[in-house]
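Residue strings, one per chain:
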Amino acid sequence: MTATPDSAQVPPSSASPTWVLWLLIMGLFSLVVALSAGLLESLAGGGPLEVVRSGGTGFITAAGLCLATVTAVQQLRKRG
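In what follows, the accompanying structure is described. (Residues numbered from 1 in each chain as written. Predicted model: local features only at pLDDT ≥ 70, side-chain atom pairs only at ≥ 80, totals over all residues. Heavy atoms only, no water.)

**Concerning the overall build of the protein chain**
Definition in use: What counts as a helix is a DSSP run of H or I of at least four residues, what counts as a strand is a run of E of at least two, and both are numbered from the N terminus. Partly exposed residues are those whose accessible area sits between 20% and 50% of the maximum for their type, while under 20% is buried and over 50% is exposed, using a 1.4 Å probe and protein chains only. Accessibility throughout is a Shrake-Rupley quantity obtained with a 1.4 Å probe, and a residue counts as covered only by protein chains that appear here.
For the protein chain, the count of helices and strands is 2 helices and 0 strands. In the protein chain, which comprises 80 residues, the share counted as buried stands at 14%. Carbon and sulfur atoms provide 69% of the accessible area of the protein chain, an area that totals close to 6500 Å².

**Notes on the side chain of Ser-30**
Note the cut-off: Here a residue-residue contact requires only that any non-hydrogen atoms of the pair lie within 4.5 Å.
Here Ser-30 shows up in helix H1 (residues 17–43). For Ser-30, a relative accessible area of 1% puts it in the buried group. Filtering out sequence-adjacent residues up to four positions away, Ser-30 remains in contact with Phe-59, Ala-62 and Ala-63.

**A short note on the side chain of Ser-54**
Note the cut-off: Here a polar contact is recorded for every N or O atom pair within 3.5 Å, except that within protein the pair must consist of a potential hydrogen donor and a potential acceptor, and residues adjacent in sequence are included only if both atoms are side-chain atoms.
Following the sequence through the fold, Ser-54 ends up in helix H2 (residues 48–79). There is a polar contact of 3.3 Å between the side chain of Ser-54 and the backbone oxygen of Ala-37. Every residue in contact with Ser-54, bar those within four places of it in the chain, is listed here: Ala-37, Gly-38 and Glu-41.

**Thoughts on the environment of Ala-63**
Looking at the secondary structure, you find Ala-63 in helix H2. With 36 residues separating them along the chain, Ala-63 and Gly-27 place their C-alpha atoms 6.8 Å apart.

**So, H2**
Heads up, the rule is: Given a helix with a known number of residues, its expected span is that number minus one, times 1.5 Å.
Here H2 contains 32 residues, and its C-alpha end-to-end distance of 47 Å stays within 8% of the 46 Å for a straight helix at 1.5 Å per residue. For H2, the full list of buried residues reads Ser-54, Gly-55, Gly-58, Ala-62, Cys-66 and Val-70. In this structure, the buried residues of H2 make contact with H1.

**Describing a nonpolar patch on the surface**
We count it as follows: Residues enter patches when they are more than 30% accessible in relative terms and free of salt bridges; like-charged ones are connected within 9 Å and nonpolar ones (Val, Leu, Ile, Met, Phe, Trp, Tyr) within 5 Å. Salt bridge, as applied in this entry: a Lys or Arg side-chain nitrogen positioned within 4 Å of an Asp or Glu carboxyl oxygen.
A cluster of nonpolar residues, Trp-19, Leu-21, Trp-22, Leu-23, Leu-24, Ile-25, Leu-28, Leu-31, Leu-35, Phe-59, Ile-60 and Leu-67, forms a patch on the protein surface that exposes about 1200 Å² of accessible area. Relative to the elements of secondary structure, Phe-59 occurs in helix H2. Judged by relative accessible area, Phe-59 falls into the partly exposed class, the value being 32%.

**With respect to the packing of H1 against H2**
Any two packed helices are characterised by how steeply their axes cross, that is the angle between the axes, and by the distance between the axes. For clarity, the cut-off: Every axis corresponds to a line fitted to the C-alpha atoms, with the helix fit spanning only the stretch in contact, and the corresponding angles, defined between N-to-C directions, vary from 0 to 180 degrees. Roughly parallel means an angle under 35 degrees; roughly antiparallel means over 145; roughly perpendicular covers 65 to 115; every other angle is labelled oblique. Throughout, a crossing is termed right-handed when the near helix is turned clockwise from the far one, and left-handed when it is turned anticlockwise from it by less than a right angle. Side-chain classes follow a simple rule in which Ala, Val, Leu, Ile, Met, Phe, Trp, Tyr, Cys and Pro form the nonpolar group, Asp, Glu, Lys and Arg form the charged group, and the remainder, Gly included, forms the polar group.
The N-to-C vectors of H1 and H2 enclose an angle of 150 degrees; their axes lie 7 Å apart at closest approach. The orientation of H1 relative to H2 falls into the category roughly antiparallel. In this structure, H1 crosses over H2, and the sense of that crossing is right-handed. Partitioning the contact of H1 with H2 into residue classes produces 15 nonpolar, 7 polar and 2 charged.

As structure tokens, this is what we get:
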């Protein structure tokens, strides 16, 4: 007798279209944050290195927060 595995424990064979769309939205949101941070640094008189560093930090921070939010929502849905 073979038991069928839970759908929650089986990884998807390929990325679902919804997940791809969410990744695209998170990437675009992070890009907007990065451009805004770079623009603000540029208007504050920062040089090119500071502008790129500020934009990169903004992008990484926004992307990390978006991915952490998705993980937190998935965990909360499993509990509820």
